[in-house]
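Chain and residue survey
Given next are the chains, with one letter for each unit.
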Amino acid sequence: MEFQPTREFAKELDSRDELAKFREEFYLQPDTIYMDGNSLGLCSKRAESSLLELLASWKRYGIDGWTEGKYPWYYLSEQLGAKMAHLIGAKPEEVVATGSTTVNLHQLVSTFYRPEGKRTKIVADELTFPSDIYALKSHLRTRGFDPDTHLIRVKSRDGRTLNESDIIDAMTDEVALVLLPTVLYRSGQLLDIELLTKEAHAREILIGFDACHSIGAIPHQFSQWGVDFGFWCTYKYLNSGPGGVAGLYVNEKHFGLAPGLAGWFGSDKDKQFDMSHDMEHAQTAGAYQIGTPHLLSVAPLIGSLEIFDEAGIERIRKKSLALTRYMMQLIKSELSGYGFYIGNPTEDHRRTGHICLEHEEAPRICKALKEKLVIPDFRAPNVIRLAPIALYTSYEEVWDMIHRLKVIMEEQTYKKFKNEREVVA
Ligand SMILES: *Cc1c(COP(=O)(O)O)cnc(C)c1O
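Model, not experiment: these values are computed from the prediction.

It is worth spelling out the UniProt feature "modified residue: N6-(pyridoxal phosphate)lysine" (unreviewed entry) in the protein at this point. Sequence positions flagged by UniProt for "modified residue: N6-(pyridoxal phosphate)lysine" (unreviewed entry) are, in local numbering, Lys236. Tracing the backbone shows Lys236 in the loop between strand 7 (229-232) and strand 8 (247-250). Looking at Lys236, the relative accessible area reads 8%, which means it is buried. Among residues more than four places away in sequence, those in contact with Lys236 are Gly37, Asn38, Ser39, Leu40, Gly41, Cys212 and His213.

What follows is the structure in structure tokens.
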């Protein structure tokens, strides 16, 4: 259908949307347009009910909840891993629900970073999420290497995106490990995961990916591409709730590799309660768990993943691309002349779930949007991230959001706010 800038056109797109019915599964606030599902996904009724089910099993069974009830706790991390596996493109036993993004990153780097001879360096990039860099530097330090010389951060040519060829150029014979995001959190650029994995392996370098900004938004083929390891949070596109338990993936060719950070929940499940001081770790991704799972923060994921099973990740990606394309068309037709710049890659194969709208007044434009009941996401210094979510955002909301923003720019109401960020932004 040919783009038209009218509300009727948005309604027409909604009427043809095969995922529209999932919207009513989510808790949406009246008149509020939520554009921040890439930072914290909204609560669904199914996530709520699986959380309540878990509480009920605690009430009813006490300690026996480990093996009784609708979702026996002892096997839940592995079962949810298996349920997430298709989202990352892996075998069921290659994925487990555990820890947090940063904890899993520490676990996997301590397992896979094995400096040897002159292969001692780690390649990352200068646009990645700070936690990843802090973690990598700490690993280099604990192994006695100087992060200034041993952490290579591939530079961006434009401050927004990375060139795969620059990353490949950094893969020298001094590199032991490459750790990259699948998607850059600011610009939303999707990297060519398959190509980077192939090039790393051709140089005998291990490679892992932080999939926080792609899980639940795009399909992946980690097993097929041979990615060595990966990890992600579940509270963004996967809607598992604040602090929801994360995921990790280890390619089966590495099963048997001793966990860098060992703990009793990484044991073979039949042997764990032998209480031996000699650990026999699981021969699956489960080996990289550490301690008792945070079950109340695991529980909402049970319900949330059911929705992904029904909606299907291919359909989610298709609608997400249509929503972001539509938003970019509206930005061009309605907001030209107000000083905005679209900072995300615009091609389908390099763009993910959010639009990166840049403006020098971004901090206070975000405040003005909130006053108008639009929830954006500010990233310093000048980025307004806007994420229309395939499962719960309508085309009409995208239209409305752009028009609320247009009024803010026309009337310059943002000028009554200070141009600084809030504590959490
Ligand atoms: C959200 C995000 C994180 C957050 O890590 P936590 O341990 O969950 O706080 C890490 N890396 C990236 C790329 C993210 O987008």
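Our next topic: the packing of helix 3 (residues 73-88) against helix 10 (residues 295-311). Closest axis-to-axis distance for the helix 3/helix 10 pair is 10 Å, and the angle between their directions is 35 degrees. Handedness of the crossing formed by helix 3 with helix 10: left-handed. Where helix 3 abuts helix 10, its residues Trp73, Leu76, Leu80, Lys83, Met84, His86 and Leu87 lie against Leu295, Val298, Leu301, Ile302, Leu305, Phe308 and Asp309.

With that out of the way, let us pick up the pairing of strand 13 (residues 383-386). Neither face of strand 13 is exposed, since Val383 and Arg385 on one face and Ile384 and Leu386 on the opposite face are all buried. Of the pairings in the sheet, the one linking strand 10 (residues 355-358) to strand 13 comprises four bridges and is antiparallel in character. In the sheet register, Leu357 faces strand 13, and the bridge partner there is Ile384. When strand 12 (residues 377-379) meets strand 13, the two strands line up antiparallel, connected through three bridges. Across the sheet, Phe378 pairs through a bridge with Ile384, a residue of strand 13.

Sheet architecture is open: seven strands sit in the order 2-8-7-6-5-3-4, paired in mixed fashion. The open sheet terminates on both sides in strands that have one partner only, identified here as strand 2 (95-97) and strand 4 (151-154). Within this sheet the neighbouring strands show an average axis-to-axis angle of 15 degrees, counted without direction. Pairing of strand 5 (residues 175-181) with strand 6 (residues 206-210), which is carried by five bridges, proceeds in the parallel orientation. Across the sheet, residue Pro181 finds its bridge partner in strand 6, namely Asp210. The strands touched by helix 4 (residues 101-112) within the sheet are strand 5, strand 6, strand 7 and strand 8, with strand 7 carrying the most contacts at an inclination of about 165 degrees.

Scanning the model with the defined rule gives 16 aromatic pairs in all. Measuring from ring centre to ring centre gives 5.2 Å for Trp264 and Phe265, while their planes differ by 85 degrees; the resulting arrangement is edge-to-face. Judged by its relative accessible area of 36%, Trp264 is partly exposed. Taking the centre distance of 5.8 Å and the plane angle of 65 degrees together, the rings of Tyr326 and Tyr395 count as edge-to-face. Taken together, the residues Tyr326 in helix 11 (residues 313-334) and Tyr395 in helix 13 (residues 395-411) connect sequence positions 69 residues apart. You'll find Tyr326 and Tyr395 in the same group, each marked buried. Joined through ring pairs, the aromatic side chains of Trp66, Trp73, Tyr74, Tyr75, Trp264, Phe265 and Phe273 make up one cluster. The aromatic ring of Tyr27 is capped on one face by Lys45, whose charged end is 5.9 Å from the ring centroid.

Okay, the site of the ligand next. Ser100, Thr101, Thr102, Phe129, Asp132, Asp210, Cys212, His213, Tyr235 and Lys236 make up every residue found near the ligand. Here an oxygen atom of the ligand and a side-chain polar atom of His213 are 3.2 Å apart. Lys236 is positioned with one of its side-chain polar atoms (N or O) 2.5 Å from an oxygen atom of the ligand. In the shell around the ligand, the residues fall into three nonpolar, four polar and three charged.

What follows concerns the sheet that holds strand 13. Within the open sheet, the four strands sit side by side as 9-10-13-12. Their pairing is antiparallel. Of all strands in the sheet, those bounded by a partner on one side alone are strand 9 (341-342) and strand 12. Relative to strand 10, helix 11 is tilted by about 20 degrees, and along the sheet it contacts strand 9, strand 10 and strand 13. Contacting strand 12 and strand 13, helix 12 (residues 362-371) runs over the sheet at an angle of about 40 degrees to strand 13.

What follows covers the environment of Leu80. For Leu80, the position within the fold is in helix 3. Along the sequence, Leu80 and Ala299 sit 219 residues apart, while their C-alpha atoms lie 9.7 Å from each other.

This part covers the side chain of Thr197. Note that Thr197 resides in helix 8 (residues 193-202). Within the structure, the side chain of Thr197 is placed 2.7 Å from the backbone oxygen of Ile193, a separation counted as a polar contact.

Here we come to the pattern of salt bridges. In total, this model carries 29 salt bridges according to the counting rule given. Between Arg203 and Glu199 there is a salt bridge whose closest N-O contact spans 2.8 Å. With a shortest N-O distance of 2.5 Å, Arg385 and Asp377 are connected by a salt bridge. There is no split in this pair, since Arg385 and Asp377 are both buried. Here the residues in one salt-bridge network are Glu25, Arg46, Glu306 and Glu310, joined through shared partners.

At their nearest, the axes of helix 11 and helix 13 sit 10 Å apart, and the two run at 30 degrees to each other. One finds that helix 11 runs roughly parallel with respect to helix 13. Helix-helix and strand crossings are classified by hand; for helix 11 and helix 13 the assignment is right-handed. Contacts from Lys319, Ala322, Leu323, Tyr326, Met327, Leu330, Ile331 and Glu334 of helix 11 reach helix 13 at Tyr395, Val398, Trp399, Met401, Ile402, His403 and Lys406. Class assignment for the residues of the contact of helix 11 with helix 13 results in 11 nonpolar, one polar and three charged.

This paragraph deals with the nonpolar core. Counting 65 residues, the largest nonpolar core has Leu196 and Leu391 as the members making the most contacts within it. Secondary structure elements with two or more residues in this core: helix 3, strand 2, helix 7 (164-169), strand 5, helix 8, strand 6, helix 10 and helix 11. In terms of residues, this core owes the most to one element, helix 10, which gives nine residues. Composition of this core by domain shows at least three residues from each of domain 1 (7-30 + 312-416) and domain 2 (49-310). Look past the residues within four positions of Leu391 in its chain and what remains in contact with it is Phe22, Arg23, Phe26, Asn239, Ile307, Phe308, Ala311 and Ile316. Among the nonpolar cores identified, the runner-up in size contains 34 residues, and Ile342, Leu357, Ile384 and Met401 belong to it.

Rules of the game
- Residues numbered from 1 in each chain as written.
- Predicted model: local features only at pLDDT ≥ 70, side-chain atom pairs only at ≥ 80, totals over all residues.
- Heavy atoms only, no water.
- UniProt positions renumbered as here; feature names shortened; annotations may be inferred.
- Helix = DSSP H or I, 4+ residues; strand = E, 2+ residues; numbered from the N terminus.
- Buried < 20%, exposed > 50% of the residue type's maximum accessible area, 1.4 Å probe, protein only.
- Contact = heavy atoms within 4.5 Å.
- Axes fitted to C-alpha atoms, helices over the stretch in contact; angles between N-to-C directions.
- Left-handed = near helix turned anticlockwise from the far one by under 90°.
- Pairing = 2+ DSSP bridges.
- Phe/Tyr/Trp six-rings, centres within 6.5 Å; stacked < 30°, edge-to-face > 60°.
- Lys NZ or Arg CZ within 6 Å of the ring centre and 35° of its normal.
- Near = heavy atom within 4 Å.
- Polar contact = N/O pair within 3.5 Å; in protein donor to acceptor, adjacent residues only side chain to side chain.
- Nonpolar A, V, L, I, M, F, W, Y, C, P; charged D, E, K, R; others polar.
- Salt bridge = Lys/Arg side-chain N within 4 Å of Asp/Glu carboxyl O.
- Parallel < 35°, antiparallel > 145°, perpendicular 65-115°, else oblique.
- Core = buried A, V, L, I, M, F, W, Y, C linked by side-chain atoms within 4.5 Å.
- Domains from an automatic or database assignment.

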